[in-house]
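Commentary on secondary and tertiary structure
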Amino acid sequence: MSTRDWKDIKDDVYGEKGTTRRDELERDFESFKIGLLLKKAREGKQLTQEQLGELVDKKRTYISRIENDGSNMTLKTLFDIVEKGLGGKVNISIDI
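Residues numbered from 1 in each chain as written. Predicted model: local features only at pLDDT ≥ 70, side-chain atom pairs only at ≥ 80, totals over all residues. Heavy atoms only, no water.

**Notes on the overall build of the protein**
- In terms of helices and strands, the protein carries 5 helices and 0 strands.
- In sequence order, the protein lays out its α and β elements as α-α-α-α-α.
- Its C-alpha radius of gyration of 17 Å places the protein more than 25% over the 12 Å reference for a compact globule of 96 residues.
- For the protein, the spread of C-alpha atoms along the principal axes amounts to about 55 × 30 × 20 Å. (Helix = DSSP H or I, 4+ residues; strand = E, 2+ residues; numbered from the N terminus. Rg over C-alpha atoms; globule rule 2.2 N^0.38 Å.)

Set out below in C-alpha cells:
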C-alpha cells in the first residue's frame, strides 16, 4: 500500500496545474485565503464587521461575504478595507 500526498490527490481530482479546473481551484483557494486574512486583521483591530463596514462605506453583510469568500471583490474595495478600514498596506505579487 502506498501513501499519496496532497499534490497527487489534487492532480487526480482537479487535474494538473495549468488545466482549467485546477486553475479555478487555485483561484478559489486564494480568494478564500484573502477573506481569512481580512477577518483575522479585523479581529486583531477589535472591530466588528459593522464597524469596519462603516469605515469603508459598505454594509456588514458585504464585509461578511468577503470574509467568507474573498472572490468578486474589486481591488479598490480591497485597498479601501485594508488601508482605510484596517490602517494597513496591500502588497500584491504576480507569479508568471
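**Considerations on the layout of surface pockets**
- The calculated volume of the largest pocket comes to roughly 730 Å³.
- Considering the residues around the largest pocket, the lining is formed by 23 residues, among which E30, I34, N91, I92 and S93 are closest to the centre.
- Residue contributions to the lining of the largest pocket peak at 8 residues, all from helix α2 (residues 20-44).
- Looking at side-chain class alone, the lining of the largest pocket contains 11 nonpolar, 7 polar and 5 charged residues. (1 Å grid on protein atoms, 1.4 Å probe; cavity = no way out; pocket = protein on both sides within 12 Å on 5 of 7 lines; lining within 4 Å. Points joined across faces, edges and corners; volume = space filled by probe spheres on them. Nonpolar A, V, L, I, M, F, W, Y, C, P; charged D, E, K, R; others polar.)

**Considering α2**
- Helix length check: α2 (25 residues) gives 36 Å between terminal C-alpha atoms against 36 Å at 1.5 Å per residue, within 8%.
- Listed in full, the buried residues belonging to α2 are R22, S31, G35, L38 and R42.
- Here the buried face of α2 lies against α1 (6-14), α3 (49-56), α4 (60-68) and α5 (75-85).
- Of the residues flanking the end of α2, it is Q46, one or two places downstream, whose phi is positive at about 55°. (Expected span 1.5 Å × (residues − 1). Buried < 20%, exposed > 50% of the residue type's maximum accessible area, 1.4 Å probe, protein only. Contact = heavy atoms within 4.5 Å.)

**Regarding the nonpolar core**
- Residues L38, L52, I66, M73, L78, I81 and L86 are the most contacted members of the largest nonpolar core, which totals 13 residues.
- Counting only elements with at least two residues in this core, the list comes to α3, α4 and α5.
- Excluding its chain neighbours within four sequence positions, the residues that come into contact with I81 are L38, L52, V56, I63, I66, M73 and L86. (Core = buried A, V, L, I, M, F, W, Y, C linked by side-chain atoms within 4.5 Å.)

**Concerning the pattern of salt bridges**
- Under the criterion given, the structure shown has 5 salt bridges.
- Of the charged contacts, one joins E30 and K33 as a salt bridge, the two residues approaching to 3.1 Å between their closest N and O atoms. Of this pair, E30 and K33 are both found in helix α2, 3 residues apart, which corresponds to roughly one turn of the helix.
- We classify E30 as partly exposed; its relative accessible area is 39%. (Salt bridge = Lys/Arg side-chain N within 4 Å of Asp/Glu carboxyl O.)

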